[in-house]
Amino acid sequence: MSIREKYQITEYCHHFLREYIHEGDCCIDATCGKGGDTEFLCRGAGKSGRVYGFDIQKDAVELTRIRLEQSGCAKQAVLICGSHVNMADYVKEQAAVIMFNFGYLPGGDHSVATQPQTSVKAVQEGLKLLKTGGVMSLCIYSGGDTGYEEKEALLAYLKGLDAKHWLVIIHTYYNRKNDPPLPVFVVRLA
Ligand SMILES: C[S@@+](CC[C@H](N)C(=O)[O-])C[C@H]1O[C@@H](n2cnc3c(N)ncnc32)[C@H](O)[C@@H]1O
């Protein structure tokens, strides 16, 4: 992996999350897309773990299923074609790691993308499922087809989280131009 790839947002999030995932854990990929993050979580949680993956697009769920089968990770995954807003209907255990990678499926229809209100609601639902000491990652995009509304809604919501219970860490690609993506991590302290 090149040094640039190492700091690309999804890889950077994986790097941060690695120490939070252990064999046997429950994890959630709230936006599976092409399955890169789901595979990462499945590898970390191992065969005795459980990884729930959500996407509203049938094609995305299918791409993820194929990827997991090819990488030998399908056993520990439960893939759901549906909105992450309803994750609590499926996940009945506490999660060590929850990933959100907002926006649209790369190479897919840009109009099928995460939306400000449902994204905030899904993050709220996810935080209820996060175990103490667990972490939620959020890859937040802005500009271009995405606009700024989702980023603003998410950051406004995260700003209001009680510091006694939550630690919100925002990393920035500080010297990059043109709306660089934002890797955000929320740790449950209590
Ligand atoms: C940037 S992609 C995710 C990339 C993915 N994590 C990967 O590793 O390839 C965002 C995905 O979110 C999905 N999505 C949009 N709205 C959603 C919702 N309400 N619930 C679940 N997934 C949603 C889109 O269909 C799209 O596939």
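Further up the page is the structure itself.
Here's what I pulled together on the structure shown here. (Residues numbered from 1 in each chain as written. Predicted model: local features only at pLDDT ≥ 70, side-chain atom pairs only at ≥ 80, totals over all residues. Heavy atoms only, no water.)

## What to know about the side chain of Gln-76
Now for step 1: Secondary-structure assignment places Gln-76 in the loop between α4 (58-70) and β3 (77-81).
Now for step 2: In terms of polar contacts, Gln-76 uses its side chain to reach the backbone carbonyl oxygen of Cys-42, at 3.0 Å.
Now for step 3: Discounting chain neighbours no more than four positions away, the residues touching Gln-76 are Cys-42, Gly-46, Lys-47, Gly-49, Arg-50 and Val-51. (Helix = DSSP H or I, 4+ residues; strand = E, 2+ residues; numbered from the N terminus. Polar contact = N/O pair within 3.5 Å; in protein donor to acceptor, adjacent residues only side chain to side chain. Contact = heavy atoms within 4.5 Å.)

## Quick word on the packing of aromatic side chains
Now for step 1: This model, assessed by the stated rule, comprises 6 aromatic pairs.
Now for step 2: Each ring, one from Phe-16 and one from Phe-185, has its centre 3.7 Å from the other, and the planes form 20°; the classification is stacked. Residue Phe-16 is located in helix α2 (residues 9-17), and its partner Phe-185 is located in strand β7 (residues 182-188); the two are separated by 169 residues in the primary sequence. There is no split in this pair, since Phe-16 and Phe-185 are both buried.
Now for step 3: Measuring from ring centre to ring centre gives 5.8 Å for Phe-54 and Tyr-90, while their planes differ by 70°; the resulting arrangement is edge-to-face. Taken together, the residues Phe-54 in strand β2 (residues 50-55) and Tyr-90 in the loop between β3 and β4 (95-101) connect sequence positions 36 residues apart.
Now for step 4: Since its relative accessible area comes to 0%, Phe-54 is described here as buried. (Phe/Tyr/Trp six-rings, centres within 6.5 Å; stacked < 30°, edge-to-face > 60°. Buried < 20%, exposed > 50% of the residue type's maximum accessible area, 1.4 Å probe, protein only.)

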